[in-house]
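Structural overview
Here's the letter readout for the chains.
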Amino acid sequence: MNFTWDGNQSSRPFCLLAFGYLETVSFCLLEVLIIVFLTILIISGNIIVIFVFHCAPLLNHHTTSYFIQTMAYADLLVGVSCLVPSLSLLHYTLPIEESVTCQIFGFVVSVLKSVSMASLACISIDRYIAITKPLTYNTLVTPWRLRLCIFLIWLYSTLVFLPSFFHWGKPGYHGDVFQWCAESWHTDPYFTLFIVMMLYAPAALIVCFTYFNIFRICQQHTKEISKRQARFSSQSGETGEVQGCPDKRYAMVLFRITSVFYILWLPYIIYFLLESSTGHSNRFASFLTTWLAISNSFCNCIIYSLSNSVFQRGLKHLSGAVCTSCASQTTAKDPYTVRSKGPTNGCNI
């Protein structure tokens with residue numbers, strides 16, 4: 001990491017949040033705490049999501065699980081990538097010079113978040129097809145087409161941000177914890193416009209169009225079902241509970257994930273556009289908006305655990321399996337432990 005020198009020849013590390021620096025520890029304390037904390041949450045949370053998908057077969061019945069798992073792997077790689085600035089802020093020597101390191105880090109995180117954004121758009125398209133063409137859905141959406149779509153998502157995301165390596169512009173502020181990226185790598189209005197037109201705008205428009213029509217169709221279905229049940233009840237004299245659109249609840253979970261994604265990314269996108277158009281930058285704003293956007297890589301885990309009952313059962317099954325494994329290891333180490341005759345698929349609490 002580069003150091004700046006004052007008139008008294010005393011060295012201080014480069015900090016985007018200058019007020020987070022402490023002489024006693026000799027590194028940017030606030031930046032380190034924020035990045036390390038987010039890194040731990042992102043890595044641990046997405047590892048849990050990946051394991052739960054493997055432990056809960058019912059989650060894989062939806063074709064959207066392909067895209068959800070793709071997002072989980074991309075978010076996990078975001079967390080692993082965040083180890084690079086964490087080590088740099090803690091003064092660990094990196095094998096590559098700073099200018100190359102921050103460019104690679106900025107490019108990789110931009111690609112990974114682009115994968116998440118494109119996956120959310122594909123999820124909304126998948127749900128739209130499931131509701132508008134339920135009879136032909138299984139012939140239109142097949143496993144090999146889903147795998148091809150995921151491959152194209154990764155390829156497209158890489159190609160969109162690849163021009164940044166040829167000094168066309170800056171893909172984002174993820175590398176600004178490095179001094180070279182913050183001071184010498186500048187945004188370009190044409191490259192920013194290119195990213196907006198090729199990624200941000202299409203993804204947002206697709207999501208808005210599909211979910212608007214999904215909820216509109218579900219509302220129409222609910223009204224039709226309620227009318228039919230009311231007509232049947234008047235004839236038979238029995239009353240029954242109105243059943244809504246079966247896909248609406250799952251669509252709501254996906255809509256929450258998409259909404260949180262864009263809410264956390266909106267400040268970053270606005271700042272990115274403002275700096276590119278005006279040329280004025282603010283280190284505090286770039287750090288805050290960037291890492292607020294990156295925190296989204298952990299939010300999907302929270303939304304799933306609170307909204308999806310199948311995911312909750314898978315999480316309980318996973319925790320039960322871990323507890324059973326720990327208990328069996330403890331029993332093996334202690335021959336005098338009395339073996340329990342209870343169920344072995346979870347913890348007895």
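Summarised in this report is the structure supplied together with it. Owing to the predicted nature of the structure, the values given are computational and were not obtained by experimental measurement. (Residues numbered from 1 in each chain as written. Predicted model: local features only at pLDDT ≥ 70, side-chain atom pairs only at ≥ 80, totals over all residues. Heavy atoms only, no water.)

**Observations concerning the overall build of the chain**
Where we set the bar: Numbering goes from the N terminus for both helices and strands, where a helix is a DSSP run of H or I of at least four residues and a strand is a run of E of at least two. Burial classes follow relative accessibility: with a 1.4 Å probe on protein chains only, a residue under 20% of its type's maximum area counts as buried, one over 50% as exposed, and anything between as partly exposed. Residue contacts are defined here by distance: any two heavy atoms, one from each residue, within 4.5 Å place the two residues in contact. Exposure was quantified through the Shrake-Rupley algorithm and a 1.4 Å probe, taking into account, for residues, occlusion by the shown protein chains and nothing else.
Per the secondary structure count, the chain includes 12 helices and four strands. Counting the 349 residues in the chain, one finds 43% classified as buried. Long-range contacts, defined as pairs at least 24 residues apart, comprise 73% of the intrachain contacts of the chain with a sequence gap of at least 6. Only carbon and sulfur atoms are counted for the fraction: they give 66% of the accessible area of the chain, which is about 18900 Å².

**Some points on the side chain of Ser110**
Counted only if it meets this: Pairs of N or O atoms within 3.5 Å make up the polar contacts considered here, provided that, within protein, one atom can donate a hydrogen while the other can accept it, and that residues adjacent in sequence are counted only when both atoms are side-chain atoms.
By the secondary structure assignment, Ser110 is in helix α4 (residues 98–132). Looking at Ser110, the relative accessible area reads 4%, which means it is buried. Only 2.7 Å separates the side chain of Ser110 from the backbone oxygen of Gly106, close enough to count as a polar contact.

**Brief notes about a nonpolar patch on the surface**
Just so we agree on the cut-off: Residues form patches when they are more than 30% accessible in relative terms and have no salt bridge. Like charges link within 9 Å. Nonpolar side chains (Val, Leu, Ile, Met, Phe, Trp, Tyr) link within 5 Å. When a carboxyl oxygen of Asp or Glu lies within 4 Å of a side-chain nitrogen of Lys or Arg, that pair is called a salt bridge.
A surface patch of nonpolar side chains, amounting to about 1100 Å² of accessible area, comprises Ile96, Val100, Ile104, Trp144, Leu148, Phe151, Leu152, Leu155, Leu159, Leu162, Phe165 and Phe166. Those elements giving two or more residues to the nonpolar patch turn out to be α4 and α6 (143–161). Sort the elements by how many residues they give to the nonpolar patch and α6 lands first, with six residues. As for its position among the elements, Leu159 is in helix α6.

**Observations regarding a positive patch on the surface**
Put simply, the rule is: In this tally Asp and Glu are treated as negative and Lys and Arg as positive; neither His nor the chain ends contributes. In this description, the location of a charge corresponds to atom NZ of lysine, CZ of arginine, CG of aspartate or CD of glutamate.
Together, Lys223, Lys227, Arg228 and Arg231 line one region of the surface with positive charge. Considering the arrangement of structural elements, one finds Arg231 in helix α8 (residues 189–236).

**Some details on α6**
It helps to recall that an α-helix has 3.6 residues per turn; residues three or four apart then point in one direction. Here is the rule: The span one expects for a helix is its residue count, reduced by one, times 1.5 Å. Directions pointing from the helix axis toward each C-beta atom define the arc.
End to end, α6 covers 28 Å across 19 residues, agreeing with the expected 27 Å (1.5 Å per residue, within 8%). Looking at α6, one finds that the buried residues are Leu146, Ile150, Ile153, Ser157, Val160 and Phe161. Across the axial projection of α6, the buried residues extend over an arc of 105 degrees, all falling on one side. For α6, the exposed residues lying more than 90 degrees away from the buried face are Trp144, Arg147 and Phe151.

**Here we look at the pattern of salt bridges**
Inspection of every chain in the model, using the stated rule, returns two salt bridges. Lys113 is the salt-bridge partner of Asp75, the closest N and O atoms lying 3.2 Å from each other. In this pair, Asp75 is assigned in helix α2 (residues 64–81) and Lys113 in helix α4, connecting sequence segments 38 residues apart. In this structure Lys113 comes out as buried when scored by relative accessible area, which is 2%. Two residues, Arg127 and Asp126, come together in a salt bridge whose shortest N-O distance is 2.9 Å. By relative accessible area, Asp126 is classed as buried at 4%.

**A short note on the side chain of Thr210**
Mapped onto the elements of the fold, Thr210 is located in helix α8. Within the local environment of Thr210, its side chain forms a polar contact with the backbone oxygen of Ile206, the two atoms lying 2.7 Å apart. Aside from chain neighbours lying at most four places away, what touches Thr210 is Ser124, Ile125 and Tyr128.

**Thoughts on the packing of aromatic side chains**
This is how the line gets drawn: Note on ring pairs: Phe, Tyr and Trp rings are taken, using the six-membered ring of Trp, and paired if centres are within 6.5 Å. Classes follow the plane angle, with under 30 degrees stacked, over 60 edge-to-face and the rest tilted.
In total, this model carries 12 aromatic pairs according to the counting rule given. Ring centres of Trp265 and Tyr268 lie 4.9 Å apart, and the angle between their planes is 85 degrees; on these two criteria the pair is classed as edge-to-face. Taken together, the residues span about one helical turn, with Trp265 and Tyr268 both in helix α9 (residues 248–278) at a distance of three residues.

**Quick word on the packing of α2 against α4**
To keep it simple, the criterion reads: Every axis corresponds to a line fitted to the C-alpha atoms, with the helix fit spanning only the stretch in contact, and the corresponding angles, defined between N-to-C directions, vary from 0 to 180 degrees. Note that the term roughly parallel is reserved for angles under 35 degrees, roughly antiparallel for angles over 145, roughly perpendicular for angles of 65 to 115, and oblique for everything else. Helix crossings get a hand from a simple test, with the near helix turned counterclockwise from the far one by less than a right angle marking a left-handed crossing and a clockwise turn marking a right-handed one. Only Asp, Glu, Lys and Arg are considered charged in this grouping, and only Ala, Val, Leu, Ile, Met, Phe, Trp, Tyr, Cys and Pro are considered nonpolar; every other residue, Gly among them, is considered polar.
Running from N to C, α2 and α4 point in directions that differ by 165 degrees, and their axes come no closer than 9 Å. With respect to α4, the axis of α2 lies roughly antiparallel. Every pair of crossing elements has a handedness; the one defined by α2 and α4 is left-handed. Residues that form the contact of α2 with α4 fall into these classes: 14 nonpolar, five polar and four charged.

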